[in-house]
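As a plain string of letters, each chain reads:
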Amino acid sequence: MIKTLLVSYSPRFESNTKKLIDTFLNVASDYSHVTHLDLGKDTPPFLLADNLNALVKRNLMGMELTEEENVSVKGVDRLLQQLLDADRIVIAFPMYNFSLPAAVKAWIDAVIQDGKTFKMTEDGGYEGLCAGKRALVLMTTGGDYSLEPAKSMDYATPLIQGCLGFMGISSHSISAYGLNQYEDRVEGIVSDAQQKIVDYITSNVFWK
Ligand SMILES: Cc1cc2nc3c(=O)[nH]c(=O)nc-3n(C[C@H](O)[C@H](O)[C@H](O)COP(=O)(O)O)c2cc1C
């Protein structure tokens, strides 16, 4: 069975994002062993003075860490290890202020680590170290970002897919747009996205 890491952020009561997550879990549980990281309950650490400087010393400068510094990076390294252990990653969240909720960004900041998920190359470029992993991004939004000019205001999709790509992880994105804008069509928009999730998982051999 493939190992899937589900990273979710859907803290709102009656969350529509959670409906997409449940659809994924229903369809994927036949094919996949899923580890669920619920960022609404299990808050990822921010990079602050103690852990950030320890990561710089360890990852960029190749220095040994003190016991105290090792303790400070435990939280980010737990998230990193979960990602490294997974074959597939599903990341589900609502758009907040045209971008990712802070908890999702904090998860990204924890797992993008030099020498672990990417490395700099001799010619000054970079190489993702997670080739072979694949990701599915599930997002819900209040507005409709399917067409320009609004499309350019969706900073969340390019940001998350860009960060995944930086680690060598190719991704597919399914969004339920307009859940506040089209209040009378919420059920239809959510069920269209749910159908897209089912179709995507069942028709792609690498998700089985
Ligand atoms: C703090 C906050 C910020 C939001 N910012 C945006 C936004 O920039 N653009 C947008 O279209 N919707 C925005 N929304 C609306 C949510 O993305 C939308 O309602 C989403 O479907 C909520 O998902 P949920 O039902 O899982 O909570 C925001 C909602 C909250 C609570």
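Some remarks on the overall build of the protein
Inference 1: For the protein, the count of helices and strands is 7 helices and 7 strands.
Inference 2: Tracing the protein from N to C terminus, the helices and strands come up as β-α-β-α-α-α-β-α-β-β-β-α-β-α.
Inference 3: Taken over the C-alpha trace, the protein has a radius of gyration of 18 Å; the compact-globule value for 208 residues is 17 Å, and the two agree within 12%.
Inference 4: If you line up the protein on its principal axes, its C-alpha atoms span 55 × 35 × 35 Å.
Inference 5: Looking at the protein as a whole, 44% of its 208 residues are labelled buried.
Inference 6: For the protein, restricting intrachain contacts to residue pairs at least 6 apart in sequence, the fraction spanning at least 24 positions comes to 75%.
Inference 7: About 10800 Å² of surface is accessible on the protein, with carbon and sulfur atoms providing 52% of the total.

Quick look at unusual backbone geometry
Inference 1: Going from Glu148 to Pro149, the amide bond is cis rather than trans, its omega being 5 degrees.
Inference 2: Its place among the elements puts Pro149 in the loop between strand S6 (134-140) and helix H6 (156-166).
Inference 3: In this structure, Glu14 takes a positive phi of about 60 degrees despite not being glycine.
Inference 4: Mapped onto the secondary structure, Glu14 falls in the loop between strand S1 (2-8) and helix H1 (16-28).
Inference 5: For Glu14, a relative accessible area of 58% translates into the label exposed.
Inference 6: At Asn97, a residue that is not glycine, the phi angle is positive and equals roughly 50 degrees.

Observations concerning the site of the ligand
Inference 1: Looking at the ligand, there are 16 residues lining it, with Ser15, Thr17, Met95, Phe98 and Gly143 nearest.
Inference 2: Contacts to the ligand include Ser15, whose side-chain N or O atom sits 2.5 Å from an oxygen atom.
Inference 3: At 2.8 Å from an oxygen atom of the ligand is found a main-chain nitrogen or oxygen belonging to Asn16.
Inference 4: About the coverage of the ligand: the protein hides 75% of its 640 Å² of free accessible area.

Some thoughts on the sheet that holds strand S2 (residues 32-38)
Inference 1: Spatially, the 5 strands line up as an open sheet ordered S2-S1-S3-S6-S7, and their pairing is parallel. Looking at the sheet topology across the chains shown, the edges are occupied by S2 and strand S7 (170-176). Neighbouring strand axes in the sheet, compared pairwise and without regard to direction, differ in orientation by 15 degrees on average.
Inference 2: Across 7 bridges, S1 lies against S2 in parallel orientation. Across the sheet, residue Val7 finds its bridge partner in S2, namely Leu37.

Here we look at the packing of aromatic side chains
We describe a pair of aromatic rings using the distance from one ring centre to the other and the angle between the two ring planes.
Inference 1: Evaluation of the coordinates by the stated rule reveals 7 aromatic pairs.
Inference 2: Both rings, one in Tyr9 and one in Tyr96, keep their centres 5.8 Å apart while their planes meet at 90 degrees; by these two values the pair is edge-to-face. Here Tyr96 lies in the loop between strand S3 (88-94) and helix H5 (102-111) and Tyr9 lies in the loop between S1 and H1, a separation of 87 residues in the sequence.
Inference 3: With relative accessibility at 36%, the residue Tyr96 sits in the partly exposed group.
Inference 4: Measuring from centroid to centroid gives 4.3 Å for Tyr126 and Phe166, while their planes differ by 45 degrees, and the two rings are tilted. Taken as a pair, Tyr126 in strand S5 (residues 126-128) and Phe166 in helix H6 lie far apart in primary sequence, 40 residues in all.

Overview of the packing of H1 against helix H7 (residues 186-203)
Inference 1: The contact between H1 and H7 brings their axes to 9 Å, and the two run at 30 degrees. Relative to H7, H1 is oriented roughly parallel. Considering only the axes of H1 and H7, their crossing is right-handed. Residues Asn16, Lys19, Leu20, Thr23, Phe24 and Val27 of H1 pack against Val186, Val190, Ala193, Gln194, Ile197, Val198, Ile201 and Thr202 of H7.
Inference 2: Counted by class, the contact of H1 with H7 contains 9 nonpolar, 4 polar and 1 charged residues.

Cut-offs applied
- Residues numbered from 1 in each chain as written.
- Predicted model: local features only at pLDDT ≥ 70, side-chain atom pairs only at ≥ 80, totals over all residues.
- Heavy atoms only, no water.
- Helix = DSSP H or I, 4+ residues; strand = E, 2+ residues; numbered from the N terminus.
- Rg over C-alpha atoms; globule rule 2.2 N^0.38 Å.
- Buried < 20%, exposed > 50% of the residue type's maximum accessible area, 1.4 Å probe, protein only.
- Contact = heavy atoms within 4.5 Å.
- Areas by Shrake-Rupley, 256 points an atom, 1.4 Å probe, with all protein chains shown as cover.
- Near = heavy atom within 4 Å.
- Polar contact = N/O pair within 3.5 Å; in protein donor to acceptor, adjacent residues only side chain to side chain.
- Pairing = 2+ DSSP bridges.
- Axes fitted to C-alpha atoms, helices over the stretch in contact; angles between N-to-C directions.
- Phe/Tyr/Trp six-rings, centres within 6.5 Å; stacked < 30°, edge-to-face > 60°.
- Parallel < 35°, antiparallel > 145°, perpendicular 65-115°, else oblique.
- Left-handed = near helix turned anticlockwise from the far one by under 90°.
- Nonpolar A, V, L, I, M, F, W, Y, C, P; charged D, E, K, R; others polar.

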